[in-house]
Structures are given as C-alpha cells and as structure tokens.
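Spelled out from the first residue to the last, the chains are:
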Amino acid sequence: MRLHKISASVLAACICFVAFTNSAQATFCRSYEQTSSNAGDCPDCQLSIMNFPQEQAYAVHASNGWQAELNYVEGDSSVATGGGRWRKGLPHAYAGRDFDLDLTQQGKTLSMVMSTIIDGHRQVIRAEFRCTG
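The structure displayed is predicted, hence computed values, not measured ones.

Asks: It is not clear to me how the pairing of strand E7 (residues 109–118) should be interpreted in this structure. Could you clarify?
Replies: Consecutive residues of a regular strand have side chains that alternate between opposite faces of the sheet. With seven bridges connecting them, strand E6 (residues 98–106) and E7 associate as antiparallel partners. Paired with Leu-103 across the bridge in E7 is Met-112. In textbook terms, the turn of a hairpin is the stretch between consecutive antiparallel strands, and for E6 and E7 this stretch comprises two residues, one of which, Gly-107, has a positive phi near 65°. Of the strand pairs in this sheet, E7 and strand E8 (residues 121–131) are connected by 10 bridges, and their pairing is antiparallel.

Asks: How do you make sense of the confidence of the model for the chain when you look at a structure like this?
Replies: When pLDDT is low, close inspection of the predicted coordinates is not appropriate. For the chain, the mean per-residue pLDDT works out to 86, and 81% of the residues sit at or above 70. Predicted confidence for residues 2–24 stays below pLDDT 50, and this span has zero contacts to residues more than four positions away or in other chains.

Asks: Just to check I follow, could you spell out the pattern of salt bridges for this structure?
Replies: Side chains carrying opposite charge are able to pair once their charged atoms draw close together. Counted according to the given criterion, the structure contains two salt bridges. Here Arg-130 ties to Glu-33 by a salt bridge, and the two come within 2.2 Å at their closest N and O atoms. One end of the pair, Arg-130, is in strand E8; the other, Glu-33, is in strand E1 (residues 31–37), and 97 residues separate them in sequence. Taking relative accessible area as the criterion, Arg-130 reaches 40% and is therefore assigned partly exposed. Judged by its relative accessible area of 24%, Glu-33 is partly exposed. Here Asp-98 makes a salt bridge to Arg-85, at a shortest N to O gap of 3.0 Å. A residue pair is termed long-range when its members are at least 10 positions apart, and Asp-98 in strand E6 and Arg-85 in strand E5 (residues 76–86) qualify at 13 residues. For Asp-98, a relative accessible area of 47% corresponds to the partly exposed category. Residue classification places Arg-85 among the partly exposed positions, given a relative accessible area of 38%.

Asks: Is there a simple way to explain the packing of aromatic side chains in this structure?
Replies: Two numbers describe a pair of aromatic rings. These are the distance of the centres and the angle of the planes. All chains considered together, the criterion is met by five aromatic pairs. With a centroid separation of 5.2 Å and 40° between ring planes, the pair formed by Tyr-58 and Tyr-72 is classed as tilted. Taken together, the residues span a long stretch of sequence, with Tyr-58 in strand E3 (residues 57–62) and Tyr-72 in strand E4 (residues 66–73) at a distance of 14 residues. By relative accessible area, which is 2% here, Tyr-58 ends up buried. You can call Tyr-72 buried: its relative accessible area is 11%. Aromatic side chains Trp-66 and Phe-99 sit 5.4 Å apart centroid to centroid with 85° between the ring planes, which places their arrangement in the edge-to-face category. Here Trp-66 is found in strand E4, whereas its partner Phe-99 is found in strand E6, with 33 residues between them in sequence. Comparing Trp-66 with Phe-99 shows no difference in burial state: the two are buried.

Basis of the calculations
Residues numbered from 1 in each chain as written. Predicted model: local features only at pLDDT ≥ 70, side-chain atom pairs only at ≥ 80, totals over all residues. Heavy atoms only, no water. Pairing = 2+ DSSP bridges. Helix = DSSP H or I, 4+ residues; strand = E, 2+ residues; numbered from the N terminus. pLDDT = per-residue confidence, 0-100. Contact = heavy atoms within 4.5 Å. Salt bridge = Lys/Arg side-chain N within 4 Å of Asp/Glu carboxyl O. Buried < 20%, exposed > 50% of the residue type's maximum accessible area, 1.4 Å probe, protein only. Phe/Tyr/Trp six-rings, centres within 6.5 Å; stacked < 30°, edge-to-face > 60°.

Here it is in structure tokens:
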C-alpha cells in the first residue's frame, strides 16, 4: 500500500513537471545573426526584435533592409506570424515589396520563412538565425 502511495506521488509530480515545462514559452531574443539562408550567405545580416507582450506582438528590424510586425500564434510567444516590407531602393528584386513572415524559435535558433509574389510567382526565403542577446 505504501509503495502505491509513493508511486502515485511520483507520477503526480512528473505530470506537473511536464505540464509546467510544456506551458513555459520562451520569447524571442532581442538580437540574432543569420547562420544560413536559401537566398545566399549573409554573415553580416542581423535581426533586432522588440517584444510587446501586452499586445502579444513583435516588431522586427533586419540589417539588410526590411522590417515587419508580427503577432504571437495562439498566445505562444515562441511562434509569430505577420508581414512587412522591404525598403525601397535596394539593389535586388525584393526592394519595396510586401511579404508574409513566419518566425519560430527553438532554443537559441530562430527559423524564418518569408514569402512574396514577384512577377506572379511566389518566392520563399528560408533562413535560420542564432540568438546573440
């Protein structure tokens, strides 16, 4: 009987621990540097992210000429979606274009999927970033 009570207590503690760790959500870091991209290497590309937890939103600024506003997905601050715009006057096809953006953080890695339409075709940029602060 005593063993059964101890087992039940251990099981309850494990369930509470798993529930707590699954509900804990890590917000994005404030700064990232790019580690890979299907649009070409950019070792100087960096993201700055401001968190607005009351609004469940982020403002993202990229060193290579774009910015975006994102909202948490279903209250989860480790996943965000929204859109933005590339700055006009840049020397590439994305200059001045609007785009959709999805960001997902796992540990210190941020995954990005950016998509836009150019000449009637969807273009997708996938990149990964490492938290620097």
